[in-house]
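Chain by chain, the residues run as shown.
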Amino acid sequence: MINNENIACFPQWANYACAFKYICEKGFETKYIIPPPITKKTIELGSKYSPDYVCAPFKYCLGCYIEALEQGANCLMQIYGGCRLNYYGELAEVILKDMGYQFKFFNMADINFKSIKSIVEHFKIINPNFSLVKVAKSIPVMMNIIKTIDKFEDYIRLNVGFEVNEGEFEKTYNEFLQKLNNLKNGKQLKQLKKIYWKKLTNIKVNKPSKIIKVGMIGDYYTVQEPFSNYFMEKELAKFGMEIHRYMNLTNTLIHNKGKERKNVAKKYAKYNLGATANFTVAEAIDFAKNKFDGIIQVKSFGCTPEIDAMPILQNVSKDFNIPILHFSFDSQTSETGVKTRLEAFYDMVEARNKG
Amino acid sequence: MKVGIPRALLYFKNEKFWTTLFKEMGIEYILSPETNKEIINDGANLAIDETCLPTKILLGSINWLIDKCDYIFIPRIAYAHGQQMCTKFLAQTDLVYNTFRDRNPKLLFYDIDNKKVTAERKAILKMGKFLHIPKNHVKLAYILAKQTQLYYEMFRCESQENVVKNSNKNKILIVAHAYNIKDKYVGEPIIEAVKNLNCEPIIAEYFNAEQCIQASRNVSKTLPWGYNRHLVGAIEMYKDNIDGIILLTTFPCGPDSMVNDMIIRKYKNIPIITLTVDTQDGTAGMQTRLESFVDIINFKKGNL
């Protein structure tokens, strides 16, 4: 049954909002508002009410929640994970309630996934009269949306640095995302995918024979959310580099290759390092083996798993003779500083290439 | 064969357990010295800047040990009290190996990788096999070591409960992880300072873990870390018997950064002060803050 009371919202995270919107509106039959795009104000709001040295993704989430609550959302959601992410939900809920907001909170860390009763009970927070059939039907479509987004973005990352008419990729892709926001069913998704894949692949690119290849690694949120890494991928593309990134929802949630990744990392990290650190190490090794020109690690300040991965990355860097640039972002990082370091990195990589 | 045990992180949780275990298995061991400025400086040089202070102390201690023993004892514990641990403990074996890789460290460890009650016993038996010690011998050593640790903790808990009951001084609960409060450099100056202000320091860590974890369920539903649950539960159990709380953390502790905020939001009627220790010294600032904190407690009780 359609629920008109709840307006669900999940914090802004890369371009996946349309997938979450689809499952809420078509699966749970609850209204969903896409939170406003992250701006300086979002992170300022988030930092103001967050504990001081909590990791930056928490501050982004809290800022997003506040902005969404102001716009009328009343059912917030949070996922869970292997690190501090497990506690994001409850702490954010307590902070927002202390601020005086009234809302429901769907916290996945609270669900006992071994008991169906617990799962159903928590789903009822989103919509008390939800239909399990409709939810089950909408899940494959949601997965497809995510896969499509990741496929397109992978292609764009490889080519956006070499486009002939500047801004063409971004324009086409934004048009596609706009259409995804009002998606009706899986069939429409297939059509859209076909049309826009053709449009994207038809965009003229001018790739020189020798290109600089850079791999992006880092913590789950920072590497995926462009605002939180100061639009690093855009900046890199301006230098005319090919950007590779393995970390996205498709490779972690839908086709989880955790075990395979752990095996790749085995020579350096025997055990599970927690959260996405094994992915980070494994990707670095993959990039190094494939003769990339450089690796960039982005992470939020104080991200424990990524910090533990850093000595390992330094060993990888030594063994394969590949430069790794580490970036640690907080709410107060200067944009110019990031740009300067990237320029220096580019100069160094280019000089190595020529020499 | 000589095993080196770094006096850092999990040692403070398992001191009697580990030392008895090695003694009973007939293996010689040495302990790194109590934390001093030199160890901290060495650790800070070896570690990534953002690493937390206890890990820096760990690396500094291993730096001291590495040439003095055959094996460095550095277990990997992913679950405690049936709960998740901070990812630091998951990664520490690999972290130590990669940091000291050029010096060819030989590591001795056991690995607890699941929530089962038997996980620890199995892991210890596996370590015994690696050391070529007969299985029965290891089993016996394990039981003895476990009991020693248990009695030690029980005794500690009982004597502290007596203090809570009988002391007339202001009772200040110090909420800090074992590896912070028992560290010579981090926790001990704070305990001394509290004593000098004529207050009774009560260590949250010393209370019974099982009971505290049970009590913590009333405070927070999804708190993932077992060690933090222990501390939060201690506050919940003794909140009526204490006059103030010191939240002692090291910079930048991941779990504490969130849990401390939760504690401050949940216990609004008890005076709370947060003290953060870093590699920099300078306890003068803390001294002043503690003095005014005790003044607030006295004022609240009407003794000022």
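Residues numbered from 1 in each chain as written. Chains lettered and ligands numbered in written order. Predicted model: local features only at pLDDT ≥ 70, side-chain atom pairs only at ≥ 80, totals over all residues. Heavy atoms only, no water.

**A look at the domain arrangement of chain A**
Residues and elements named next belong to chain A.
At step 1: Domains assigned within chain A are domain 1 (3-130), domain 2 (131-207) and domain 3 (209-355).
At step 2: The C-alpha-based centres of domain 2 and domain 3 are spaced at 24 Å.
At step 3: Each partner contributes to the interface: domain 2 provides 13 residues, whereas domain 3 provides 16 residues.
At step 4: With both sides pooled, the region where domain 2 packs onto domain 3 buries about 1,300 Å², and carbon together with sulfur makes up 60% of that total.
At step 5: Where domain 2 meets domain 3, there are three salt bridges.
At step 6: A salt bridge links Glu 170 to Lys 234, with the shortest nitrogen-to-oxygen separation between them at 3.5 Å.
At step 7: Across the contact surface, domain 2 and domain 3 share three residue pairs in polar contact (both at pLDDT 80 or more).
At step 8: With eight residues, the single largest contributor to the side of domain 2 that touches domain 3 is helix 6 (residues 132-159). (Domains from an automatic or database assignment. Contact = heavy atoms within 4.5 Å. Buried area = accessible area lost by both parts, 1.4 Å probe. Salt bridge = Lys/Arg side-chain N within 4 Å of Asp/Glu carboxyl O. Polar contact = N/O pair within 3.5 Å; in protein donor to acceptor, adjacent residues only side chain to side chain. Helix = DSSP H or I, 4+ residues; strand = E, 2+ residues; numbered from the N terminus.)

**Quick look at the environment of A:Ile307**
At step 1: If you trace the backbone, A:Ile307 turns up in helix 14 (residues 304-320).
At step 2: For A:Ile307, a relative accessible area of 3% puts it in the buried group.
At step 3: Apart from residues lying up to four places away in sequence, A:Ile307 is in contact with A:Lys299, A:Gly302, B:Ile48, B:Glu50, B:Thr51 and B:Lys88. (Buried < 20%, exposed > 50% of the residue type's maximum accessible area, 1.4 Å probe, protein only.)

**Some thoughts on the packing of helix 7 (residues 168-181) of chain A against helix 8 (residues 186-202) of chain A**
Residues and elements named next belong to chain A.
At step 1: Packing of helix 7 against helix 8 leaves a shortest axis separation of 10 Å and a crossing angle of 175°. What the angle tells us is that helix 7 and helix 8 run roughly antiparallel. Of the residues in helix 8, those in contact with Phe 169, Thr 172, Glu 175, Phe 176, Lys 179 and Leu 180 of helix 7 are Leu 189, Leu 192, Lys 193, Tyr 196, Lys 199 and Leu 200.
At step 2: The class makeup of the residues in the contact of helix 7 with helix 8 is seven nonpolar, one polar and four charged. (Axes fitted to C-alpha atoms, helices over the stretch in contact; angles between N-to-C directions. Parallel < 35°, antiparallel > 145°, perpendicular 65-115°, else oblique. Nonpolar A, V, L, I, M, F, W, Y, C, P; charged D, E, K, R; others polar.)

**A closer look at the environment of B:Ile264**
Residue and element names in this part refer to chain B.
At step 1: Positionally, Ile 264 belongs in helix 11 (residues 254-266).
At step 2: Residue Ile 264 is classed as partly exposed on the basis of its relative accessible area, which comes to 38%.
At step 3: Setting aside residues no more than four positions away along its own chain, Ile 264 makes contact with Leu 247, Ile 272 and Thr 274.

**Regarding the nonpolar core**
At step 1: Counting 80 residues, the largest nonpolar core has B:Phe22, B:Met25, B:Phe73, B:Tyr110, B:Met127, B:Ile246 and B:Leu248 as its most contacted members.
At step 2: At seven residues, the largest contribution of residues to this core is made by helix 1 (residues 11-25) of chain B.
At step 3: Each residue touching B:Phe73, except ones within four places of it in the same chain, is listed here: B:Val3, B:Gly4, B:Ile5, B:Pro6, B:Trp18, B:Phe22, B:Leu108, B:Phe109, B:Tyr110 and B:Met127.
At step 4: Core analysis: the second largest hydrophobic core is formed by 50 residues, A:Phe123, A:Ile149, A:Phe176 and A:Leu192 among them. (Core = buried A, V, L, I, M, F, W, Y, C linked by side-chain atoms within 4.5 Å.)

**With respect to the interface of chain A and chain B**
At step 1: Contacts between the two partners involve 42 residues from chain A, matched on the other side by 39 residues from chain B.
At step 2: Across the chain A to chain B interface the summed buried area is about 3,600 Å²; carbon plus sulfur atoms make up 57%.
At step 3: Counting the surface chain A buries against chain B, the share from its top three residues, A:Tyr53, A:Tyr87 and A:Tyr271, is 22%.
At step 4: Summed over the shared surface of chain A and chain B, the result is seven salt bridges.
At step 5: Two residues, A:Asp308 and B:Lys88, come together in a salt bridge whose shortest N-O distance is 3.0 Å.
At step 6: Along the contact surface separating chain A from chain B lie 22 residue pairs in polar contact (both at pLDDT 80 or more).
At step 7: When the residues that make up the side of chain A that touches chain B are grouped by side-chain class, the tally is 22 nonpolar, 11 polar and nine charged.

**Quick notes on the environment of A:Leu200**
All names here are of chain A.
At step 1: Among the secondary structure elements, Leu 200 is positioned in helix 8.
At step 2: Assessed through its relative accessible area of 1%, Leu 200 is described here as buried.
At step 3: Distance in space between the C-alpha atoms of Leu 200 and Glu 170 is 9.8 Å, their sequence separation being 30 residues.

**With respect to the domain arrangement of chain B**
Residue and element names in this part refer to chain B.
At step 1: With domains assigned, chain B is organised as domain 1 (2-147) and domain 2 (167-301).
At step 2: The C-alpha-based centres of domain 1 and domain 2 are spaced at 26 Å.
At step 3: With 24 residues of domain 1 at the contact, the number on the domain 2 side is 28 residues.
At step 4: Between the two partners, domain 1 and domain 2, sit two salt bridges.
At step 5: One salt bridge connects Lys 13 with Glu 205, and the closest N-O pair in it is separated by 2.7 Å.
At step 6: Our enumeration of links across domain 1 and domain 2 arrives at nine residue pairs in polar contact (both at pLDDT 80 or more).
At step 7: Residue assignment for the side of domain 1 that touches domain 2 shows that the elements contributing at least two residues are helix 1, helix 2 (37-46), helix 3 (53-65) and strand 6 (83-84).
At step 8: When residues of the side of domain 1 that touches domain 2 are assigned to their parent elements, the largest contribution, four residues, is made by helix 3.
At step 9: Counted by class, the side of domain 1 that touches domain 2 contains 13 nonpolar, five polar and six charged residues.

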